[in-house]
Structure formats: C-alpha cells, structure tokens
Amino acid sequence: MMNPVGWFEINVADMARAQQFYETVLGCTLENMQGADDPTMELKLFPSDMESYSAAGALVKMTDAPVGQNSVLVYFSCDDCAQQESRVVAAGGQVERSKFSIGEHGFIVMAKDTEGNVFGLHSMT
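This one's a predicted model, so the numbers in the text were calculated from it and none came from an experiment.

Conventions and cut-offs
Residues numbered from 1 in each chain as written. Predicted model: local features only at pLDDT ≥ 70, side-chain atom pairs only at ≥ 80, totals over all residues. Heavy atoms only, no water. Helix = DSSP H or I, 4+ residues; strand = E, 2+ residues; numbered from the N terminus. Rg over C-alpha atoms; globule rule 2.2 N^0.38 Å. Buried < 20%, exposed > 50% of the residue type's maximum accessible area, 1.4 Å probe, protein only. Areas by Shrake-Rupley, 256 points an atom, 1.4 Å probe, with all protein chains shown as cover. Lys, Arg positive; Asp, Glu negative; His and termini not counted. Charge placed at Lys NZ, Arg CZ, Asp CG, Glu CD. Pairing = 2+ DSSP bridges. Contact = heavy atoms within 4.5 Å. Axes fitted to C-alpha atoms, helices over the stretch in contact; angles between N-to-C directions. Expected span 1.5 Å × (residues − 1). Arc of directions from axis to C-beta. Polar contact = N/O pair within 3.5 Å; in protein donor to acceptor, adjacent residues only side chain to side chain.

Chemist: Account for the overall build of the protein, with residues named and values stated.
Modeler: Tallying secondary structure elements over the protein gives two helices and eight strands in all. Going residue by residue from the N terminus, the α and β elements of the protein occur as β-α-β-β-β-β-α-β-β-β. Relative to its length of 125 residues, the protein is compact, with a C-alpha radius of gyration of 14 Å against a globular reference of 14 Å. Taking the principal axes of the C-alpha coordinates as reference, the protein spans close to 45 × 35 × 25 Å. A buried classification covers 34% of the 125 residues belonging to the protein. Just so you have it, the protein exposes about 7,500 Å², and 50% of that area is on carbon and sulfur atoms. Separation of charge centres in the protein, based on 7 positive and 17 negative side chains, amounts to 9 Å.

As structure tokens, then:
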C-alpha cells in the first residue's frame, strides 16, 4: 500500500522568515533543494527519510504563486504537539486552536505560520 500523500509544498512570500518559523517551531533544519532548473523557484526541504511511511515536503517560493490561501492543510507529526504549540507565537505565528483530542486518533493543534498558512500539529499523546 502506498501513502496517500507523496509530497507537500507550502507556498511562501518570504523564504527566510518562513524557514526561521518552521525551524523554530519544529526544532529542525530545512535544507536547500539542489538541482532545480527554474531560477524563479526556491525550495527548502523539510528533513525526511524517503524510506519511511510518511510524506516528504518543502517550503517553496515561486514567482506569482499565491500564498496563505490554505488550499492544502499539512499536519506535522510530533511526539507531543503541545511542545511545538508552545513555540508558535514566539516564532511569529498564531495558535488558531490549542491542543485538543481527536479521540483514539490522538491530539492536534491548529496554527498559522508567518505567511498566513494554516497547518496542523499531530501527536498521539
């Protein structure tokens, strides 16, 4: 069985600001994507293991691409989403809905990044 999601992208207007936000909230380092042939596109990759059962993705800045439209909702996996929630505001974002239960499926936090994109944080505890 394949993952239903194979890749995600979050459109951004200010790459440095968005990169700083996600690195701070998620406690990770995003890396430049090498080999893109389009000079109007810049991508920063989230850490991933292409052999794992999860989707990989990137921040993307493209000329004339809309940002903050929430056409896709991304959920980031966490050990305890309250930890990442506690860093959202200090990183320049907003908590839209604090940690809440989704029953046997765990807990989620809904937040907004510095670019106006809504995203989720998910954990089982």
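There's plenty left to go through after this.
Chemist: I'd like a rundown of the sheet that holds strand E2 (residues 31-32), residues and numbers included.
Modeler: The strand order across the open sheet formed by four strands is E1-E4-E3-E2, and the pairing between neighbours is mixed. Edge positions in the sheet fall to strand E1 (7-11) and E2, since each of these pairs with one other strand and no more. Taken together, the five bridges between strand E3 (residues 41-45) and strand E4 (residues 56-62) define a ladder with antiparallel strand orientation. Pairing of Leu45 across the sheet is with Ala58, part of E4. Contacting E1, E3 and E4, helix H1 (residues 15-26) crosses the sheet at an angle of about 155° to E4.

Chemist: Residue-level account of H1, with values.
Modeler: The terminal C-alpha atoms of H1 lie 16 Å apart, and with twelve residues this matches the ideal 16 Å at 1.5 Å per residue to within 8%. Every buried residue of H1 is accounted for by Met15, Ala18, Gln19, Phe21, Tyr22, Val25 and Leu26. For H1, the angular spread of the buried residues around the axis is 160°, confining them to a single face. Projecting away from the buried face of H1 at angles above 90 degrees are the exposed residues Ala16 and Gln20. Its side-chain oxygen at 3.3 Å from the backbone nitrogen of Ala16, Asp14 defines the N-terminal cap of H1. Phi turns positive one or two residues past the end of H1, at Gly27, with a value near 65°.

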